[in-house]
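Each chain is listed here by its residues.
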Amino acid sequence: MQIDQQHTNSLISHLECPNCGNTYNHQELHTVCENPDCKSSLFARYNLSPGVIKKENLAALPPTMWRYRQVLPTKNPEHIITLGEGFTPILPLTNLDYLGENEVFWKDESGNPTGSFKSRGQSTAISKAFELGVKTVCIPSAGNAAGAMAAYCARAGLEAHVFMPKETPQIFKDECRLYGANLTEIDGNIKDCADKATKEGEENGWFPVFTLKEPYRLEGKKIMGYEIAEQFGWTLPDVILYPTGGGTGLLGIWKAFEEMEALGWIDSKRPKMVSVQATCCDGITQAFHHHKQHSEYVDNGFTIANGLRVPKPYADQYILQVLRKSKGNALTVTDKEMESGMKEIASKEGLLFCPEGAALWQAFKNLKKTNWISPGEKVLLMNTGSGYKYLENIEVEG
Ligand SMILES: *Cc1c(COP(=O)(O)O)cnc(C)c1O
Ligand SMILES: [Zn+2]
């Protein structure tokens, strides 16, 4: 089927602050809300109404996340920087114990370019930056976000500066260098990296692509929500488990559900959203159970799940809102549990998942044990990346 250009153009209208309501022009560079009392993350808004995009036309579009380009922010299709990200498989769990009376699925993001779902967010962020004339970008990252940004910058011809904790496994550093990024190793955590990146970025005029301080990484990650609906035949699962670092994917999936309802594609029924954190960085879990609107800064040191080493997510208030609105939950998993989860999933299912993804399997078992997940509920676990990049910190018995 032929889809004419008019029907594949972006429907983006503006950027909006979900906190104070300020709006911003999407054809100018923006980071966070400029209201000095606010400084919230900004969300992209689109002209959506029932029928404006026909989901029946999707099948004729390429099997990448850019099949949804009408709800992605790049105006000119020639500015799209893509490496084939997205449209990842949803696989049923077949051999693991505890399945009992639940259908359980993985959405497996490990096949994305650079081995994680971070490629989705960097594809949209770097495409939009490229469209708006940015030449140099910078990022603080404890792992996958940096490698993905470096790869898309290489493709787009942008200069990339990465600030990474020294203790990050070597492979995450090597990939940045191989993709041609300038890497600065910092003796500290992600917060220290962010401070350094902010300082150097301001001094040198680099555009900061920080988690939820840059509006468009959220847009790429939200497409996971569209794909979940499409791949399940436009009915959503009952429960979704998500490994929360900065919370971009969790917020993105939820945003996709709201947009699809505006498009008339789904009804108002939503999955229960569950946040899973590493025990060392459990600020969201604590705030959720103590009925707080914001999380505290919590960092108790190293975790093998570097994607979860986020002491205080910038968009913490919105993460907590989604968990509550969806009647969801928040829990933590230890490194030991993640490591044994990785081994269990690999040996039973033939899938070598990242510790962040494996954490969800352990969280699922806990939620089954306490009957928070009921028999008959359909459950989706988001495996956010490949395990191959993490083996340096995994003990493999001979
Ligand atoms: C970054 C990352 C996460 C956390 O993602 P957010 O959307 O920022 O919460 C989870 N898993 C992996 C593998 C990651 O790289
Ligand atoms: Zn604001």
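Everything in this summary refers to the structure shown in the same document. (Residues numbered from 1 in each chain as written. Chains lettered and ligands numbered in written order. Predicted model: local features only at pLDDT ≥ 70, side-chain atom pairs only at ≥ 80, totals over all residues. Heavy atoms only, no water.)

The next thing to look at is the sheet that holds strand E3 (residues 43–46). Across the sheet, which stays open at both edges, the three strands sit in the order E2-E1-E3 with antiparallel pairing between neighbours. Two strands lie at the open edges of the sheet, namely strand E2 (23–24) and E3, each paired on one side alone. Direction of pairing for strand E1 (residues 12–16) relative to E3: antiparallel, over a ladder of four bridges. Bridge pairing in E3 places Leu 15 opposite Ala 44. (Pairing = 2+ DSSP bridges. Helix = DSSP H or I, 4+ residues; strand = E, 2+ residues; numbered from the N terminus.)

Further remarks concern the pattern of salt bridges. Oppositely charged side chains may form a pair once their charged atoms are brought near each other. In this structure the tally under the stated criterion is 25 salt bridges. Linking Glu 219 and Lys 255 is a salt bridge whose minimum nitrogen-to-oxygen distance equals 2.8 Å. Here Glu 219, found in helix H5 (residues 217–231), pairs with Lys 255, found in helix H6 (residues 248–262); they are 36 residues apart in sequence, far enough to count as distant. Two residues, Glu 259 and Lys 222, come together in a salt bridge whose shortest N-O distance is 2.9 Å. With Glu 259 in helix H6 and Lys 222 in helix H5, this pair connects stretches of sequence that are 37 residues apart. Here Glu 259 matches Lys 222 in class, with each residue buried. (Salt bridge = Lys/Arg side-chain N within 4 Å of Asp/Glu carboxyl O. Buried < 20%, exposed > 50% of the residue type's maximum accessible area, 1.4 Å probe, protein only.)

Moving on, we come to the coordination of the zinc ion (ligand 2). Listed as protein donors to the zinc ion (ligand 2) are Cys 17 (SG), Cys 20 (SG), Cys 33 (SG) and Cys 38 (SG); their distances from the metal cover 2.2 to 2.4 Å. Classification of the site at the zinc ion (ligand 2) as tetrahedral follows from its four donor atoms and the range of 100 to 118° in their angles at the metal. Sequence spacing among the residues donating to the zinc ion (ligand 2) works out to C-x2-C-x12-C-x4-C. You can see Cys 20 sitting in the loop between E1 and E2 and its partner Cys 38 sitting in the loop between E2 and E3, a full 18 residues away along the chain. (Donors = N, O, S within 2.8 Å, 3.2 Å for Na, K, Ca; no water. Tetrahedral: all angles 85-135°; square planar, octahedral: opposite > 155°, others 65-115°.)

Now for the sheet that holds strand E12 (residues 329–333). Reading across the sheet, the six strands line up as E4-E5-E13-E10-E11-E12 and stay open at both edges, with mixed pairing between neighbours. Across the chains shown, the open sheet's two edge strands, defined by having one partner strand only, are strand E4 (90–92) and E12. Within this sheet the neighbouring strands show an average axis-to-axis angle of 25°, counted without direction. Strand direction decides the pairing type here: E4 and strand E5 (residues 103–108), joined by three bridges, are antiparallel. When the sheet's bridge partners are listed, Ile 90 is paired in E5 with Lys 107. Where helix H9 (residues 335–349) meets the sheet, its contacts fall on E4, E5, strand E11 (272–278) and E12, and the angle it forms with E12 comes to roughly 90°. (Axes fitted to C-alpha atoms, helices over the stretch in contact; angles between N-to-C directions. Contact = heavy atoms within 4.5 Å.)

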